[in-house]
Amino acid sequence: MAGMPPATVEVSDTVVQCLVRDQRPDLGDRPLARVANGWDNATFRIGDDLAIRLPRRAEAVSLILHERRYLPDIARRSPVPVPVPVHAGRPTSDFPWPWSIVRWVPGTAAADVGPADRGPAAEGLADFLLSLHVPAETGVPVNPFRGVPLTDRDSGVVERLGDRERYPQAAALKAAWAQACAAKAWDGPATMLHGDLHPGNILLADDGSLAGVIDFGDVGAGDPAVDLAVGWLMFDAGARHRFMGAFGSAVERDTWMRARGWALILSTAMLSNSDDNPRMFAVGEFGIRQILEG
């Protein structure tokens, strides 16, 4: 089985309570509940309006710091709520890394509803990305795994598609990958990116419209196609058509071709590494189906 990366530090409820009571005693009596245990961070809800994010492995420490640095500016532009940091937690003898308290963003994760129920969010998600994708300032980090030229990721995709048991459609997927790699490379300015935009990080309101976007650990600069891949990870063909149409002339055909390639990268990464996470495994399966359907 291929599972999520193991935690370097297992974050317990007791440790989190001690961190809060020591550094934010005004919040020490609030109820605490673990709500997510991702590849990089553990997230706890504290009370009704706040959440705590802590790295679960050393590689994620810089991601917490990036969220602190760039989320306030993103929040000022965003048409929907994002988890703005309100407290910069310090390392202690119980927990060796920085951590954050952020605004809780209410909503239902799109990964937890059916594809038909995600459709109403298409135009709202496009509006969010139009607000996010501005030229990045000097110094914004470039994630070596997101927003880079597709050819930089070729070896990983080819290796994953070599698993014929997991990918019986490997020939068709390799053809889709070749088509994406043949698209014109991004030649615009490095753009601000979410970097990890998939249905688990997109929140919906009761009517299915976009309620918020979370988990900005991979925020950085690069090719916006990596975020546009959400069209295949999130929507069926009809909603994807509306999502793409909402950008009008702001996105070129070659960028959509690269976005489909990024959808293949992300879908195969989830499908090949989430045997212990059925939720993300399902996102990867859905993405593969959408890529093959066109």
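Residue positions are counted from 1 within each chain, in the order its sequence is given. Note on the predicted model: pLDDT of at least 70 is required for a residue's local features to be given, and 80 or more for side-chain atom pairs to be given and counted; whole-chain, interface and lining totals, by contrast, use all residues. Side-chain metrics rest on all non-hydrogen atoms present in the structure, leaving aside hydrogens and water.

K.L.:
Provide a residue-level description of the packing of helix α4 (residues 122-132) against helix α9 (residues 237-245), including the pertinent values.
P.N.:
In this analysis, axes come from line fits to C-alpha atoms, helices being fitted only over the stretch in contact, and the angle between any two N-to-C directions falls in the range 0 to 180 degrees. Each helix corresponds to a stretch of at least 4 residues labelled H or I by DSSP, and each strand to a stretch of at least 2 residues labelled E; elements are numbered beginning at the N terminus. It is at 8 Å that the axes of α4 and α9 come closest, and there the two elements cross at 35°. Seen along the crossing, α4 lies across α9 with a hand that is right-handed. For the pair formed by α4 and α9, the contact residues are Ala122, Glu123, Leu125, Ala126 and Leu129 on the first element and Ala239, Arg242 and Phe243 on the second. In the scheme used here, Gly and all other residues not listed as nonpolar or charged are polar, with Ala, Val, Leu, Ile, Met, Phe, Trp, Tyr, Cys and Pro taken as nonpolar and Asp, Glu, Lys and Arg as charged. In terms of residue class, the contact of α4 with α9 is built from 6 nonpolar, no polar and 2 charged. Should the near helix be turned anticlockwise from the far one by less than a right angle, the crossing is termed left-handed; should it be turned clockwise, right-handed. Every residue pair with non-hydrogen atoms within 4.5 Å of one another is taken to be in contact.

K.L.:
Run through helix α5 (residues 154-161), naming residues and quoting values.
P.N.:
Exposed residues in this analysis have more than 50% of their type's maximum accessible area, buried residues have under 20%, and partly exposed residues fall in between, with area computed by a 1.4 Å probe over protein chains only. Of all the positions in α5, only Val157, Arg160 and Leu161 are classed as buried. The buried side chains of α5 occupy one side of the element, clustering within an arc of 95° when seen end-on. Along α5, the residues that are exposed and aim more than 90 degrees away from the buried face are Ser155 and Glu159. Its buried side turned inward, α5 meets α6 (170-181) and α10 (253-273). The arc refers to the directions leading from the helix axis to the C-beta atoms.

K.L.:
Requested: an account of the pattern of salt bridges, with residues and values cited.
P.N.:
Salt bridge, as used here: a side-chain nitrogen of Lys or Arg that lies within 4 Å of a carboxyl oxygen of Asp or Glu. Applying the stated criterion to the full structure yields 17 salt bridges. A salt bridge links Glu67 to Arg53, with the shortest nitrogen-to-oxygen separation between them at 2.8 Å. Of the two residues, Glu67 is situated in helix α2 (residues 61-77) and Arg53 in strand β3 (residues 50-55); the sequence distance between them amounts to 14 residues. The exposure classification of Glu67 matches that of Arg53, with both residues buried. Ionic pairing is found between Asp163 and Arg166, a salt bridge with its closest N-O pair at 3.3 Å.

K.L.:
Break down the sheet that holds strand β8 (residues 202-204) for me, citing the residues and quoting the values.
P.N.:
One open sheet accounts for 3 strands, arranged β6-β8-β9; its pairing is antiparallel. Edge strands, defined here as strands with exactly one partner in the open sheet, are β6 (108-109) and β9 (210-213). Pairing between two strands is assigned when DSSP locates at least 2 bridges connecting them. By the bridge criterion, 3 bridges tie β8 to β9 in an arrangement that is antiparallel. By the bridge assignment for β9, Ile202 is matched with Val213.

K.L.:
Lay out the side chain of Ser267 in plain terms, naming residues and giving numbers.
P.N.:
Within the secondary structure, Ser267 is located in helix α10. Other than its neighbours up to four places away in sequence, Ser267 contacts Leu233, Gly284, Gly287, Ile288 and Ile291.

K.L.:
Describe the pairing of strand β2 (residues 41-46), and please don't skip the residues or the numbers.
P.N.:
Across the 6 residues of β2, 5 count as buried, placing the element largely inside the fold. The pairing of strand β1 (residues 32-37) with β2 spans 5 bridges and is classified as antiparallel. Bridge pairing in β2 links Asn37 to Ala42.

K.L.:
With reference to specific residues and values, describe the packing of aromatic side chains.
P.N.:
Note on ring pairs: Phe, Tyr and Trp rings are taken, using the six-membered ring of Trp, and paired if centres are within 6.5 Å. Classes follow the plane angle, with under 30 degrees stacked, over 60 edge-to-face and the rest tilted. In this structure the tally under the stated criterion is 7 aromatic pairs. Seen in terms of ring centroids, Phe95 and Trp97 are 5.8 Å apart; in terms of plane orientation they differ by 85°. Their pairing is edge-to-face. Residue classification places Phe95 among the buried residues on the basis of a relative accessible area of 1%. The class of Trp97 is buried, set by a relative accessible area of 13%. Three or more aromatic residues joined by ring pairs form one cluster here, namely Trp232, Phe235, Phe243, Phe247 and Trp256. Whether a charge sits over a ring comes down to the Lys NZ or Arg CZ being within 6 Å of the ring centre and within 35 degrees of the ring normal. In this arrangement the basic side chain of Arg118 is found over the ring face of Phe286, its NZ or CZ atom lying 5.1 Å from the centre.

K.L.:
Please provide a residue-by-residue account of the nonpolar core, values included.
P.N.:
Counting residues in each nonpolar core, the largest one holds 57 residues, and the members touching the most others are Leu125, Phe128, Leu129, Ile202 and Phe243. The leading source of residues in this core is α10, at 8 residues. Sequence-distant contacts of Ile202, defined by excluding residues within four places in its chain, comprise Thr108, Ala109, Ala110, Leu125, Leu197, Leu210, Gly212, Val230 and Met234. To define a nonpolar core, start from buried Ala, Val, Leu, Ile, Met, Phe, Trp, Tyr and Cys residues and group those joined through side-chain atoms within 4.5 Å. Ranked by size, the runner-up nonpolar core spans 18 residues in total, among them Val16, Leu19, Val20 and Phe44.

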